[in-house]
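Now for the letters of each chain:
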Amino acid sequence: MVAALRSPRILRREVLAGLVVALALIPEAISFSILAGVDPRVGLFASFTMAVSIAFLGGRPAMITGATGAIALVIGPVAAKYGLDYLLATVILGGVLQVVFGLLGTAQLMRLLPRSVMVGFVNALAILIFIAQLPQLGLDTHGGLHIVGVPWMVFPLVALGIVILVFLPRLTTVVPAPLVVIVVITALVLAGGIDVPNVSGEGELPRSLPSMLIPDVPFTLETLQIIAPYAFAMAMVGLLESLMTAKLVDDITDTHSNKSRESWGQGAANVITGFFGGMGGCAMIGQTIINVKGSGARTRISTFLAGVFLLILVVGFGDIVGKIPMAALVAVMIIVSVGTFDWHSISPANLKRMPKSETLVMLTTVVFVVVTHNLAIGVVAGVILAFMLFARRIYHLVGVDRELIEEADGTAYARYTVTGELFFASSNDLVYQFNYAEDPERVVIDLSQSHVWDASTVAALDGIETKYNRKDKSVQIVGLNEASSHMHERLTGQLPSH
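Residues numbered from 1 in each chain as written. Predicted model: local features only at pLDDT ≥ 70, side-chain atom pairs only at ≥ 80, totals over all residues. Heavy atoms only, no water.

**Re unusual backbone geometry**
A positive phi angle is found at Ala62, which is not glycine, with a value near 75 degrees. Of note, Asp254 is a non-glycine position whose phi angle comes to about 55 degrees, a positive value. Within the fold, Asp254 resides in the loop between helix H9 (221-253) and helix H10 (259-275). Asp254 sits in the exposed class, given a relative accessible area of 70%. (Helix = DSSP H or I, 4+ residues; strand = E, 2+ residues; numbered from the N terminus. Buried < 20%, exposed > 50% of the residue type's maximum accessible area, 1.4 Å probe, protein only.)

**Here we look at the packing of aromatic side chains**
In this structure the tally under the stated criterion is nine aromatic pairs. Geometrically, the ring pair formed by Phe56 and Phe304 is edge-to-face, given 5.6 Å between the ring centres and 75 degrees between the ring planes. Residue Phe56 is located in helix H3 (residues 40-57), and its partner Phe304 is located in helix H12 (residues 300-316); the two are separated by 248 residues in the primary sequence. For Phe56, a relative accessible area of 55% puts it in the exposed group. Relative to Tyr468, the ring of Tyr436 has its centre 4.7 Å away and its plane inclined at 55 degrees; by these criteria the two rings are tilted. Here Tyr436, found in the loop between helix H18 (424-427) and strand S7 (442-452), pairs with Tyr468, found in helix H19 (residues 455-470); they are 32 residues apart in sequence, far enough to count as distant. According to the relative accessible area criterion, Tyr468 is buried, its value standing at 0%. The ring of Tyr413 has Arg442 sitting right over it, with the charged end atom 4.6 Å from the ring centre. Looking at Lys467, its charged tip hangs above the ring of Tyr436, at a distance of 5.8 Å from the centre. (Phe/Tyr/Trp six-rings, centres within 6.5 Å; stacked < 30°, edge-to-face > 60°. Lys NZ or Arg CZ within 6 Å of the ring centre and 35° of its normal.)

**Some points on the packing of helix H2 (residues 8-36) against helix H8 (residues 177-192)**
One way to put it is that H2 packs onto H8 with a least axis distance of 9 Å and a crossing angle of 55 degrees. Judged by the angle between their axes, H2 and H8 are oblique. Between H2 and H8 the crossing geometry is left-handed. Packed against H2, whose contacting residues are Leu16, Leu19, Val20 and Leu23, the element H8 presents Pro178, Leu179 and Ile182 at the interface. Looking at the contact of H2 with H8 residue by residue, the classes come out as seven nonpolar, no polar and no charged. (Axes fitted to C-alpha atoms, helices over the stretch in contact; angles between N-to-C directions. Parallel < 35°, antiparallel > 145°, perpendicular 65-115°, else oblique. Left-handed = near helix turned anticlockwise from the far one by under 90°. Contact = heavy atoms within 4.5 Å. Nonpolar A, V, L, I, M, F, W, Y, C, P; charged D, E, K, R; others polar.)

**Structural notes on the environment of Val38**
The topology assignment puts Val38 in the loop between H2 and H3. Those residues in contact with Val38 that lie beyond four places of it in its chain are Ser33, Ala79, Leu84 and Leu87.

**Considering the packing of H9 against helix H11 (residues 285-294)**
At a minimum axis separation of 11 Å, H9 and H11 run at an interaxial angle of 20 degrees. Considering the angle they form, H9 stands roughly parallel to H11. As H9 packs across H11, the resulting crossing turns out to be right-handed. In contact with Thr245, Leu248, Val249, Ile252 and Thr253 of H9, H11 contributes Ile285, Thr288, Ile289, Val292 and Lys293.

**Points about helix H7 (residues 154-171)**
With 18 residues, H7 should reach 26 Å at 1.5 Å per residue; the first-to-last C-alpha distance of 26 Å fits that figure. At Leu165, H7 shows its strongest bend, of approximately 25 degrees, with the proline Pro169 following within four residues. Among all positions of H7, only Val154, Leu157, Val158, Gly161, Ile164, Leu165 and Leu168 are buried. (Expected span 1.5 Å × (residues − 1). Bend = angle between axes of the 7 residues up to and from the residue.)

**Considerations on the pairing of S7**
Judged by how many residues are buried, S7 sits mostly within the fold: eight of 11 residues are covered. Here S7 runs beside strand S8 (residues 474-478); their pairing, made up of five bridges, is parallel. When the bridges of S8 are listed, Ile445 appears paired with Ile477. Assessed by its sense of winding, the connection that carries the chain from S7 through H19 to S8 is right-handed. (Pairing = 2+ DSSP bridges. Right-handed = clockwise from strand over helix to strand, strands pointing away.)

**Thoughts on the pattern of salt bridges**
This model, assessed by the stated rule, comprises seven salt bridges. Residues Glu14 and Arg13 are paired through a salt bridge, measuring 3.2 Å at the closest nitrogen-oxygen approach. Residue class for Glu14 comes out buried when judged on its relative accessible area of 0%. Arg13 gets classed as partly exposed once you look at its relative accessible area, which sits at 25%. Among the salt bridges present, the one from Arg60 reaches Asp250, with a minimum N-O distance of 2.6 Å. Of this pair, Arg60 sits in the loop between H3 and strand S1 (65-66) while Asp250 sits in helix H9, and the two are 190 residues apart along the sequence. Through salt bridges that share partners, Arg60, Asp250 and Lys259 make up one connected network. (Salt bridge = Lys/Arg side-chain N within 4 Å of Asp/Glu carboxyl O.)

**A closer look at the pairing of strand S5 (residues 399-406)**
With eight bridges connecting them, S5 and strand S6 (residues 412-422) associate as antiparallel partners. Within S6, the position partnered with Glu403 by the bridge is Arg415. Linking S5 to S6, which pair antiparallel, is a turn of five residues; within it Gly410 sits at a positive phi near 90 degrees.

Set out below in C-alpha cells:
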C-alpha cells in the first residue's frame, strides 16, 4: 500500500476503482435493505462502515465488503418479527461469533473445499448476478418469470454500455471502463431528457452521517435465545462467502491472503457496523470483481475509498447520484457476470475430459445456489456430495487378499493382506471380507499396505478378532505403521461393539 501512495499512476488507479465501486454499491445496498425489510439507510451505512473497517482489519487487500443479499436473507426475519434493534443486536452477536471462529482457525477449513465446488460457486454467482439484472430489463423473477413494463430506451442504453465495456479496455485502461459507462450514459440521459429508471427510484438516500448507538433490547437470556440462531447463521454464511471470495481474488491476482485475519476482520467490521446502525454484511463478489478485474485495483486503498466515496456520494451528492440511470449499472453488472462465469468448465472438451463426479458436484452446487438464491446452501450441498463421492471411490480402492500358507511343521495359517486407506467409509464392510468358518486356527492380518485413520476401523478390526475368537481361532495383526499402531493400541478393546 505504501508503494501505491508513492506512485501517482497506481494511486490514480486505486482512487478511480474506489469511485466506480462506490457507484455500484449504492443500488445494491438499497436493494438488499429492501430485501431485509429495513430502511435503505441501514444498508448504505452498513456498506460504508464495512468497507472502511475491513480496509484496515481484513486479510485480503482490494476485496470489497458491504451489505449483501445472503446476509439480508438470513437476518431479514429478525427485523420482520422483532424490529430493527433486534436486527442490530443480531449483527453485533454474529460479528462476535465470526471473531471467535477466526481466532479458532476456522478459515483453515477452506482447504477442504474441492475445486469443483469452487467452480460451481463462481458459476452460480455469475448466474445470480445476471438474474438480479433481469427486473431492470423488464423480466421480473419473483414468483416466476413474467414481463413488466420498462421504457424501451433502457435496452439501447444497456447495449451501449456493454459495447463500451467490451471495446474501451482494448484502446486504453487509463480510466476504468465502468466509470466511463456511468458518466457517458448519465450524460446522454440528462442531455436528451430520456425518461428511464434511475438510482433514486430504488429508495431514499440518507441526508446525514451514521451515528453510534446501542441497540435498545433487553440484555436477557430470552433476547439471546431469539437472536443467537440468526447470529450463528449469519456468521457462518458471511464467513463462507467472504473466504470463498478471498480465494477467488487470490487466484485472480496470483497472491496469497491471510484467511484467519479476514475471518476475524469480517467479524470486527460487523460489530462496528451493528453499533453504527448497519445491517451487517460480508464480501461482495460482484463489486470485488469490478474492483479487481474491471478496474485493476490491488490495495486496501480502493476498498477504503469505496466506503468513503459511498458516504460522500449519498450524503453530499445524493441528488446527482440519484440521477444515474440504472441501465448504466445493469450494463456493468452484466459484463461482470459474463467475466465471472468459468466458461472453460462447460466447454465440450473439458466436460469430456473431466471425471463425471467432478462435473456432478459442480452442477449440484450451481443448481442449489440458483434455486435457493443462497450461496452457503449451494456450497454445503456441493461439499457433502463431493465427500460422499470421494468416500465411495476410496471404498472401492480397499482390497483384501486371502492366502493359505503351510509351515514346515505341516500346520497352515490364513494370511489376509489389506490394501488401501481404512476409515469409516471403507472399513465398515471389512468384517465381511474374512472366511471365519473355513480358516485354520491361526489368522494373520497384514496391514503394511494400508493406513488406519479412525476409530471406525479399529472397531472393525476388533469385530474381526471377536468373530475369530468365538471359533477358538487366534488373530495376529501385523504391518501397522507408526501412526496406525499408535491409534490401534490406544483404542483397541475400548470401543463398544454393536
